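Chain and residue survey
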Amino acid sequence: MDERVILSREPLNAEARLDLQIGPITPAPRHYIRSHFAVPDPPRAISIAGAVAAPRSLSIADLRALPRRSAVVTLECAGNGRAFLDPPAPGEQWRLGAVSTAEWTGAALRSVLEPAGLSAATVEILFRGADAGTPPDGPAPISFERSLPLSRALADDVLVAYAMNGGEIPPEHGAPVRLIVPDWYGMASVKWLAEIVALERPFSGFYQTDRYVVGDDPVRSVKPRAVIVSPQAAVRRPAIVRGFAWSGQGPIARVDVSVDGGRTWRGATLGPQPSAAAWCEWQMGWAPSAGTYDLIARATDASGEQQPLANRANPLGYMNNAAQPVRVDVR
């Protein structure tokens, strides 16, 4: 059985098989993969430059010598759900599997930056991956690079990670070192991290201002979403409707489930959330008669935002977190 659904092989893009997800942690071979370019040769060190008093090069050994931190984080591609848009939007046609959860271990970005001495005029921190190439309809050649506002970069939860689920980060997931930015869509968590640059003015690169935007607004915090992982297609009676829910705007407050296409709703039972930045499992008992049913799950987070039922259309197909029905035949 294939452990992922391959969308493209060069660059490699693959969805997680959510029907195989048991428990909160996604094993590395099943974790979704988002690549903009081919997997590069791994960088041997991270350079820290720009508006700093002491530019430096940080080896992997140097990074491992810093205080160690671990966090369970759900990462989701900003294009997750793009395949459901009508009219279609360009880009990888993700359905709902561009999301996974792993335990990441590394050093706090703040502890990496502090010895360099940031200029008082610093407004953003730029992260450049070792991967490079020509994006569709974009300039050539470029590296994948993204910036964070200084306040977000210096937050306690941002990691420069060197381990995934207790082992080395696999090449396709950004080895040897990648950034992890909890609660933001996955494009912020730059893989194959090679350079960190302090900036005194906002960054305007291709993947900052031409992509990962909705109109004039940058794509940032993950929107609330619940997905159904079982049943899929067919089920015998009675059944358990089960899935996962997450948001980058706070813990999941509730998940509501409809078995009649959205006419009526019942609250599901939420499982524990392994961290503030991770999904939680949910379930609901169901004893239907034989027939065909349209199941829908929708999440509401602690900020009060509820997952919409209608698709969020935009030209680049980002942040479409609409609840998607699952048609099930009950025997």
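About the cut-offs
Residues numbered from 1 in each chain as written. Predicted model: local features only at pLDDT ≥ 70, side-chain atom pairs only at ≥ 80, totals over all residues. Heavy atoms only, no water. Core = buried A, V, L, I, M, F, W, Y, C linked by side-chain atoms within 4.5 Å. Buried < 20%, exposed > 50% of the residue type's maximum accessible area, 1.4 Å probe, protein only. Helix = DSSP H or I, 4+ residues; strand = E, 2+ residues; numbered from the N terminus. Contact = heavy atoms within 4.5 Å. Pairing = 2+ DSSP bridges. Axes fitted to C-alpha atoms, helices over the stretch in contact; angles between N-to-C directions.

Another point: the nonpolar core. Counting residues in each nonpolar core, the largest one holds 68 residues, and the members touching the most others are Trp104, Leu109, Phe127, Val160 and Ile196. Counting residues per element, this core draws most heavily on strand β9 (residues 159-164), which supplies 6 residues. The residues contacting Phe127, other than those within four sequence positions of it, are Leu109, Phe144, Glu145, Arg146, Leu148, Leu179, Val190, Leu193, Glu195 and Ile196. The next biggest cluster of nonpolar side chains, apart from the first, holds 21 residues, and it includes Cys280, Met284, Trp286 and Val326.

Moving on, we get to the sheet that holds strand β3 (residues 45-50). Strand order in the open sheet formed by 5 strands is β4-β3-β12-β7-β8, with mixed pairing between adjacent strands. A single partner strand is all that each edge strand has here, and the edge strands are β4 (56-59) and β8 (142-149). Neighbour-to-neighbour, the strand axes of this sheet turn through a mean angle of 20°, independent of strand direction. Strand direction decides the pairing type here: strand β7 (residues 124-133) and β8, joined by 7 bridges, are antiparallel. Each bridged residue has a counterpart across the sheet, and for Ala132 the counterpart in β8 is Ser143.

A few words now on unusual backbone geometry. Going from Glu10 to Pro11, the amide bond is cis rather than trans, its omega being 0°. Looking along the chain, the bond that leaves Arg237 and enters Pro238 is cis, with omega of -20°. Looking at the secondary structure, you find Pro238 in the loop between β16 (233-235) and β17 (239-246). Phi is positive for Asp183, close to 75°, though the residue is something other than glycine. Its location among the elements puts Asp183 in the loop between β11 (178-180) and β12 (193-199). Look at Ala233: it is not a glycine, yet its phi comes out positive at around 75°. Mapped onto the elements of the fold, Ala233 is located in strand β16.

It is worth stressing that arrangement in space is one thing and function is another; only the former is reported here.
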